[in-house]
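# Examining the three-dimensional arrangement
Each chain is listed here by its residues.
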Amino acid sequence: MHGHDTYDYAVIRVVPRVEREEFVNVGIILSCERAGFLEARIELDETRLRALDPTLDIESLSRHLETIPAICRGGESAAPIGLLEPRARFHWLTAKRSSIIQTSAVHMGRCNDLPATLEHLMDRMVRPPKATAPR
């Protein structure tokens, strides 16, 4: 059993109308340099996105978002960025942009199970909260 891994993550956001600065969180990018881990998970909630912009081209948006996990996986299919080292790809993906797809600031954490942490961050930051019964 090894100790905790230090990781960095950023939330992937869709900003349908950049001038309004409204966004919906749609995914997480998680990186751990020591473990060589770089993964992104995307889940679109079309209803939430359409609430901000009913004219949003979801099909085009989905195609663009699909490039993020591909870049995380790396390799020639994601070239030329996919050929960079994982840490460089993470920094490229999380660079500031003024486009419809943006990321939050990079945050740090520690864990001993990177895939479970990615799932936890998806639950906490991306998926709508589940209703709980009143006490």
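A brief report on the enclosed structure follows. Source: prediction; values computed, not measured.

Take the packing of aromatic side chains next. The final tally for this structure, using the stated rule, is one aromatic pair. Consider the rings of Tyr7 and Tyr9, whose centres lie 6.2 Å apart with planes at 40°: the pair is tilted. The exposure class of Tyr9 is buried, given its relative accessible area of 11%. Across from the ring centre of Phe23, 4.1 Å away, lies the NZ or CZ of Arg13, which sits over that ring. Over the ring of Trp92 we find Arg97, and its NZ or CZ is 4.7 Å from the ring centre.

Roughly 200 Å³ of internal volume is contained in the largest pocket. Around the largest pocket, the lining residues are His64, Thr67, Ile68, Ile71, Trp92, Leu93, Arg97, Ser99, Ile100, Ile101, Gln102 and Thr103. Listing elements by their share of the lining of the largest pocket, those giving two or more residues are α3 (67-73), α4 (86-93) and β4 (101-103). Looking at the lining of the largest pocket, its residues break down into six nonpolar, five polar and one charged.

Here helix α5 (residues 114-126) contains 13 residues, and its C-alpha end-to-end distance of 17 Å stays within 8% of the 18 Å for a straight helix at 1.5 Å per residue. Along α5, the residues classified as buried are Leu114, Thr117, Leu118, Leu121, Met122 and Val126. Buried residues of α5 fall within an arc of 145° about the axis and therefore sit on the same side. Structurally, α5 contributes buried residues whose contacts are with β1 (5-14), β2 (24-32), β3 (37-42), α1 (46-52) and β5 (107-111).

Cut-offs applied
Residues numbered from 1 in each chain as written. Predicted model: local features only at pLDDT ≥ 70, side-chain atom pairs only at ≥ 80, totals over all residues. Heavy atoms only, no water. Phe/Tyr/Trp six-rings, centres within 6.5 Å; stacked < 30°, edge-to-face > 60°. Buried < 20%, exposed > 50% of the residue type's maximum accessible area, 1.4 Å probe, protein only. Lys NZ or Arg CZ within 6 Å of the ring centre and 35° of its normal. 1 Å grid on protein atoms, 1.4 Å probe; cavity = no way out; pocket = protein on both sides within 12 Å on 5 of 7 lines; lining within 4 Å. Points joined across faces, edges and corners; volume = space filled by probe spheres on them. Helix = DSSP H or I, 4+ residues; strand = E, 2+ residues; numbered from the N terminus. Nonpolar A, V, L, I, M, F, W, Y, C, P; charged D, E, K, R; others polar. Expected span 1.5 Å × (residues − 1). Arc of directions from axis to C-beta. Contact = heavy atoms within 4.5 Å.

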